[in-house]
Amino acid sequence: PEEQTDYGAVVMKGIPPMDEFTIEVTLTSLNGDGSGSADNIFSLGTEDYTNAINLFVNEGGDGLMIKVGNDVSYKLGDNLIDLHDGLEHNLTVTWASDGGAVELYDNGVLIESVTGIGNGTLIDGDGQAVIGHRWDSYGNGNDFRSGRELTEMELDHVSFTNVVVDEATITAGELSSSDTN
């Protein structure tokens, strides 16, 4: 995929169609108290879904959230992870359309495994992904300059692949060192 930086947000274009994915991000909270509305980590927009994939921290107390396709946002980890502890977290989220299976890992340890998230969803091709921001309207441009949806977290590393990476690879370390990206 083509990559560009636009007002602090990294945009990747030409994302292929997919029915599964893995996102890995190494992050540290900068605000420390969970104030604000949302810290957007990763968002993918397509013609069918403005936010086909949205991984974010809801600062209203819900913690880490994921949205896939038209499903409502789902709280991951049920506040088992304090993302405002000032520590570095290596989060990995996998999703598969078949059964809507989602797994969440923190520092290589499986925290949660659920089903029914975006069950049967196919994310169409030619998607555009943004890191550290949220898509507001696919194909109509985005107003990244306002910073309204720009994360306050420090994102040190982000990997995204259109396959579900196995648990052994996840627990071994960063996906960027593997051949799946």
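Calculation notes
- Residues numbered from 1 in each chain as written.
- Predicted model: local features only at pLDDT ≥ 70, side-chain atom pairs only at ≥ 80, totals over all residues.
- Heavy atoms only, no water.
- Helix = DSSP H or I, 4+ residues; strand = E, 2+ residues; numbered from the N terminus.
- Contact = heavy atoms within 4.5 Å.
- Areas by Shrake-Rupley, 256 points an atom, 1.4 Å probe, with all protein chains shown as cover.
- Core = buried A, V, L, I, M, F, W, Y, C linked by side-chain atoms within 4.5 Å.
- Buried < 20%, exposed > 50% of the residue type's maximum accessible area, 1.4 Å probe, protein only.
- Phe/Tyr/Trp six-rings, centres within 6.5 Å; stacked < 30°, edge-to-face > 60°.
- Pairing = 2+ DSSP bridges.
- pLDDT = per-residue confidence, 0-100.

### Describing the overall build of the protein
Across its full length, the protein holds one helix and 12 strands. Secondary structure elements in the protein, listed N-terminal to C-terminal, are β-β-β-β-β-β-β-β-β-β-β-β-α. A sequence separation of at least 24 residues applies to 58% of the contacts in the protein between residues at least 6 apart. Carbon and sulfur atoms make up 43% of the accessible area of the protein, which totals about 8,100 Å².

### Some thoughts on the nonpolar core
Within the largest apolar cluster, 33 residues are counted, with the highest numbers of intra-cluster contacts made by Phe21, Phe42, Leu44, Ile53, Leu55, Leu64 and Ile123. The element contributing the most residues to this core is strand β3 (residues 20-29), with four residues. Non-local contacts of phenylalanine 21, meaning those with residues more than four positions away in its chain, are made with Ile53, Ile66, Val68, Val93, Thr94, Trp95, Ile123, Phe160, Thr161, Asn162, Val163 and Val164.

### Comments concerning unusual backbone geometry
Trans is the prevailing form of peptide bonds, just as negative phi is the prevailing case for residues other than glycine. Even without being a glycine, asparagine 107 presents a positive backbone phi close to 55 degrees. Examined against the element boundaries, asparagine 107 turns out to sit in the loop between β9 (101-106) and β10 (109-114). By relative accessible area, asparagine 107 is classed as partly exposed at 46%.

### Quick look at the environment of isoleucine 66
Note on placement: isoleucine 66 falls in strand β6 (residues 63-68). Those residues in contact with isoleucine 66 that sit more than four places away from it in its chain are Phe21, Asn54, Leu55, Val72, Ser73, Tyr74, Leu76, Val93 and Ile117.

### Description of the packing of aromatic side chains
Enumeration over the complete set of coordinates arrives at three aromatic pairs. Residues phenylalanine 42 and phenylalanine 160 carry aromatic rings whose centres are separated by 4.8 Å and whose planes lie at 20 degrees to one another, so their mutual orientation is stacked. Linking phenylalanine 42 in strand β4 (residues 38-45) with phenylalanine 160 in strand β12 (residues 153-161), this pair joins segments that are 118 residues apart in sequence. By relative accessible area, which is 16% here, phenylalanine 160 ends up buried. One aromatic cluster is present, formed by Phe21, Phe42, Trp95 and Phe160 through successive ring pairs.

### Overview of the pairing of β6
By the criterion of burial, β6 is predominantly enclosed, with five of the six residues buried. In this structure, strand β5 (residues 53-58) lies alongside β6, joined through six bridges in antiparallel fashion. Note on β6: the bridge partner recorded for leucine 55 is isoleucine 66. As paired elements, β6 and strand β7 (residues 74-75) share two bridges and run antiparallel to each other. When the bridges of β7 are listed, isoleucine 66 appears paired with tyrosine 74. Linkage of β6 to β7, two consecutive antiparallel strands, is achieved through a turn of five residues, within which glycine 69 is found at a positive phi near 60 degrees.

### Side note on the pairing of β10
Across five bridges, β9 lies against β10 in antiparallel orientation. Bridge pairing in β10 links glutamate 103 to serine 113. Between the antiparallel neighbours β9 and β10 lie two residues, among them asparagine 107 with a positive phi of about 55 degrees.

### Let's talk about the confidence of the model for the protein
Of the residues in the protein, 71% reach a pLDDT of 70 or more, and the chain-wide mean stands at 77. Across the protein, element-level confidence peaks in β9 with a mean pLDDT of 94 and bottoms out in strand β1 (residues 2-6) with 48. Segment residues 1-5: pLDDT under 50, and 15 contacts once partners within four positions in sequence are set aside and those in other chains are kept. Note on residues 143-147: pLDDT under 50 across the span, and nine contacts to partners over four residues away in sequence or across chains.

### A few points about the environment of alanine 52
Mapped onto the fold, alanine 52 is located in the loop between β4 and β5. For the pair alanine 52 and isoleucine 123, spaced 71 residues apart in the sequence, the C-alpha separation amounts to 6.6 Å. The residues contacting alanine 52, other than those within four sequence positions of it, are Leu44, Gly45, Thr46, Lys67, Val68, Gly69 and Ile123.

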